[in-house]
Amino acid sequence: MLVKTYSSSVIGIDATTITIEVNLGQGINFFLVGLPDSSVKESHLRIKAAFSNNGLRFPQREVTINMAPADIRKEGAVFDLPIAVGVLAVSGQINPERLESFQIMGELSLDGKLQPVKGVLPMVLQAKKEGFTSVILPAENTSEAAVVDGLDVYGMNNLREVVDFFNGELSVLPTKIDIESTFTNMLDEFEVDFKDVKGQQKIKRAFEIAASGGHNIVLIGPPGAGKSMLAKRLSTILPPMTLDEALETTKIHSVAGKIKSTGLITHRPFRKPHHSISDTALVGGGTFPQPGEFSLAHNGVLFLDELPEFKRSALEVMRQPLEDRVVTISRARYTIDFPAGVMLVGAMNPCPCGYFNHPEKECSCNQGAVRHYLNKISGPLLDRIDLHIEVTPVSFDELAMEQEGECSRDIRERVIKARLFQQQRFSESAGIYCNAQMGSNQIKEHCRLAEESKGILKNAMDRLGLSARAYDRILKVARTIADLDQEQLIGTPHIAEAIQYRNLDRMNWGS
């Protein structure tokens, strides 16, 4: 007798439907084929214990289980439940009539309890795409799976409930979520706000420009100047996530096993890895590739504090994701792409002691040490960072002010208007959504300057010793400043302000 159940295997952030064929033959043996890894091979031990502890019997005959397609490696404990259901159905303990319309996933404990699994959202999306009408999974995964409309999602607590459900002895209502209202209600909840920041008006303005154009930004300043505090608030002024962005971001976090009880990620991620992080943990990879911090920050902010303290190899491996907005992991048999559309925010001291250019404290570093410290950030990496901002300490008078600063909501409204301005401009440019993504052709088309503005830019590059890499970056930032003013043409004030945001490109900076 042959019975088929259906589950999913996640590769990258996409899922592939796996057909589990269970056959009873003559003799007493157990065979599991179809390229399973060690955790899948061990499933029959968990299944036997769960059967014994729930009054179910494991057939005393030859059981052959094939997981198709056979050329895809199956990994993880997600296949425990579908294999168990297949064994129960082939041995006559479960009615097999309804199995073809269900995708089943879940890990079994020895007592039969269902444990949550990773990658549920891409699995359920694939199930819907392939025409399945229902999904059975652990109860703890239901809030994540229920964000997919058009499927009946049944959350179960243990194996006995699954058996009774298929045999018609237990009635379970599918979990439903009003995803539109849930998404809308959770958008404006933030724990931090720019109104709490005292002083630092120039830095706030730079963050508004960065958020409006999607620009990467690096902050240079002494310890305690507020670099980390400002960076943590950047995501509060970014445009609200669309539902498509939320689903894509949630898929990545689902594959990494980082989904919380809310199910859908509605806020733009803010990731802050430690500077001791490995290259693989930063961009993704591993024996069985998993998304790294770059992909976990997709559609949000990746904050690298103490930027020069990161390993040189870790910094250099970021160059391709920053340029292409995708991390490509290549293996002998397949290639996986993880989305990596992030805003990079770096923070660094200006020198080893941290007090170079400090208005009050004296720097103890010699000029060679300062240059060596700054050179830890390579030119190609700086090429991909549009704004270089020098952060100075806040004075006592500013700290003592009782008046609150401008709130994040008001700043975000201006950012949203600037983004809409850009969307209209790039409506016919595939894959470009903000000014930071412009290539040389778009810069030539959308960043034309009047003769007066060209003169100011030429004079600044000559007098300040700005490097050639600064030219395109200044034009992009000036374009964003003009968009904040709702101006089609880049004016002289826009160019003048953009020039201020290239500190590290000045040849005499750090001397």
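Just so we're clear, the structure is a prediction, and the values are computed from it rather than from any experiment. (Residues numbered from 1 in each chain as written. Predicted model: local features only at pLDDT ≥ 70, side-chain atom pairs only at ≥ 80, totals over all residues. Heavy atoms only, no water.)

A.B. asks: I'd like a description of the side chain of Gln103, backed by residues and values.
C.D. replies: Note on placement: Gln103 falls in strand β5 (residues 102-104). The residues contacting Gln103, other than those within four sequence positions of it, are Tyr6, Ser7, Ser8, Thr17, Met123, Ala127, Phe132, Ser134, Val135 and Ile136. (Helix = DSSP H or I, 4+ residues; strand = E, 2+ residues; numbered from the N terminus. Contact = heavy atoms within 4.5 Å.)

A.B. asks: How would you summarise the pattern of salt bridges if you had to cite specific residues and measurements?
C.D. replies: With the rule as written, the count across this model stands at 21 salt bridges. The partner of Arg414 in a salt bridge is Glu208, and the shortest N-O contact between them spans 2.8 Å. With Arg414 in helix α18 (residues 408-425) and Glu208 in helix α8 (residues 201-213), this residue pair connects regions lying 206 residues apart in the sequence. When its relative accessible area of 31% is taken as the criterion, Arg414 is described as partly exposed. Two residues, Arg268 and Glu245, come together in a salt bridge whose shortest N-O distance is 3.1 Å. With a gap of 23 residues between them, Arg268 in the loop between α10 (243-255) and β11 (270-271) and Glu245 in helix α10 connect regions that are remote in the sequence. On the basis of relative accessible area, Glu245 is assigned to the partly exposed category, the value being 22%. Salt bridges sharing common partners tie together Glu42, Arg46 and Asp80. (Salt bridge = Lys/Arg side-chain N within 4 Å of Asp/Glu carboxyl O. Buried < 20%, exposed > 50% of the residue type's maximum accessible area, 1.4 Å probe, protein only.)

A.B. asks: Requested: an account of the packing of aromatic side chains, with residues and values cited.
C.D. replies: Under the criterion given, the structure shown has 10 aromatic pairs. Judged by centre distance (5.2 Å) and plane angle (70 degrees), the ring pair of Phe102 and Phe166 falls under edge-to-face. Here Phe102, found in strand β5, pairs with Phe166, found in helix α6 (residues 159-166); they are 64 residues apart in sequence, far enough to count as distant. Summarising the burial analysis for this pair, Phe102 and Phe166 share the class buried. (Phe/Tyr/Trp six-rings, centres within 6.5 Å; stacked < 30°, edge-to-face > 60°.)

A.B. asks: Kindly report on the nonpolar core, identifying the contributing residues and their values.
C.D. replies: Among the nonpolar cores identified, the biggest contains 63 residues, and Phe51, Ile65, Ile136, Leu159 and Phe166 are the most heavily contacted of them. The element best represented in this core is helix α3 (residues 80-90), accounting for eight residues. Among all residues touching Phe51, those that are not within four sequence positions of it are Leu56, Arg57, Phe58, Ala84, Val87, Leu88 and Leu159. Formed by 50 residues, the second largest nonpolar core is a distinct cluster that contains Ile237, Ala418, Cys447 and Ala478. (Core = buried A, V, L, I, M, F, W, Y, C linked by side-chain atoms within 4.5 Å.)

A.B. asks: How would you explain the packing of helix α4 (residues 120-129) against α10 if you had to name every residue and give the values?
C.D. replies: At their nearest, the axes of α4 and α10 sit 7 Å apart, and the two run at 120 degrees to each other. Comparing their axes, α10 and α4 come out oblique. Residue-level contacts link Val120, Leu121, Pro122 and Leu125 of α4 to Leu247, Thr250, Lys251, Ser254 and Val255 of α10. (Axes fitted to C-alpha atoms, helices over the stretch in contact; angles between N-to-C directions. Parallel < 35°, antiparallel > 145°, perpendicular 65-115°, else oblique.)

A.B. asks: Would you mind going over the state of the cysteines in detail, with residue names and values included?
C.D. replies: Think of a disulfide as a covalent bridge from one cysteine sulfur atom to another cysteine sulfur atom. With the rule as written, the count across this model stands at zero disulfides. The cysteine Cys363 is free of any disulfide, with Cys351 supplying the nearest cysteine sulfur at 3.6 Å. The thiol of Cys365 is unpaired, and the distance to the nearest cysteine sulfur, on Cys353, comes to 3.6 Å. (Disulfide = S-S within 2.5 Å.)

A.B. asks: Now, about the sheet that holds strand β4 (residues 62-68): what can you tell me, with residues and values included?
C.D. replies: Within the open sheet, the four strands sit side by side as β1-β2-β4-β3. Their pairing is mixed. Each of the sheet's edge strands pairs with one partner strand only, and the pair in question is β1 (2-11) and β3 (29-33). The sheet shows a mean angle of 20 degrees between the axes of neighbouring strands, taken without regard to direction. Of the strand pairs in this sheet, β1 and strand β2 (residues 14-25) are connected by 10 bridges, and their pairing is antiparallel. (Pairing = 2+ DSSP bridges.)

A.B. asks: So what about the pairing of strand β10 (residues 217-220)? Which residues, and what values?
C.D. replies: What you see with β10 is no split at all: Ile217 and Leu219 on one side and Val218 and Ile220 on the other are buried throughout. Pairing of β10 with strand β17 (residues 343-348) involves four bridges; the strand directions are parallel. Its bridge partner being in β17, Val218 is matched across the sheet by Gly346. Examined bridge by bridge, β10 and strand β18 (residues 387-390) share four bridges and lie parallel to one another. Of the residues in β18, the one forming a bridge with Leu219 is Ile389.

A.B. asks: Describe the packing of α8 against helix α21 (residues 469-484), listing the residues and the values that go with them.
C.D. replies: With their axes 9 Å apart at the nearest point, α8 and α21 run at an angle of 95 degrees to one another. By the angle between their axes, α8 is roughly perpendicular relative to α21. Every residue of α21 that contacts α8 at Arg205, Glu208, Ile209, Ser212 and Gly213 is listed here: Val477, Thr480, Ile481 and Leu484. For the contact of α8 with α21, a count of residues per class yields four nonpolar, three polar and two charged. (Nonpolar A, V, L, I, M, F, W, Y, C, P; charged D, E, K, R; others polar.)

A.B. asks: An account of α18 is requested, with residue identities and associated values reported.
C.D. replies: For α18, spanning 18 residues, the distance from its first C-alpha to its last is 26 Å, which sits close to the expected 26 Å at 1.5 Å a residue. For α18, the full list of buried residues reads Ser408, Ile411, Arg412, Val415, Ala418, Arg419, Phe421, Gln422 and Arg425. Along its buried surface, α18 packs onto α8, α19 (440-446) and α21. (Expected span 1.5 Å × (residues − 1).)

A.B. asks: Can you explain the environment of Pro59? Please cite residues and give values.
C.D. replies: Tracing the backbone through its elements, the reader meets Pro59 in the loop between α2 (43-53) and β4. Take Pro59: its relative accessible area is 8%, and that puts it in the buried class. Separated by 232 residues in sequence, Pro59 and Pro291 have C-alpha atoms that sit 40 Å apart.

A.B. asks: Describe in detail the pairing of strand β16 (residues 335-339), supporting the description with residues and values.
C.D. replies: One ladder, built from five bridges, connects strand β15 (residues 326-330) with β16; its direction is antiparallel. What sits directly across from Val326, in β16, is Pro339. As consecutive antiparallel partners, β15 and β16 are separated by four residues.

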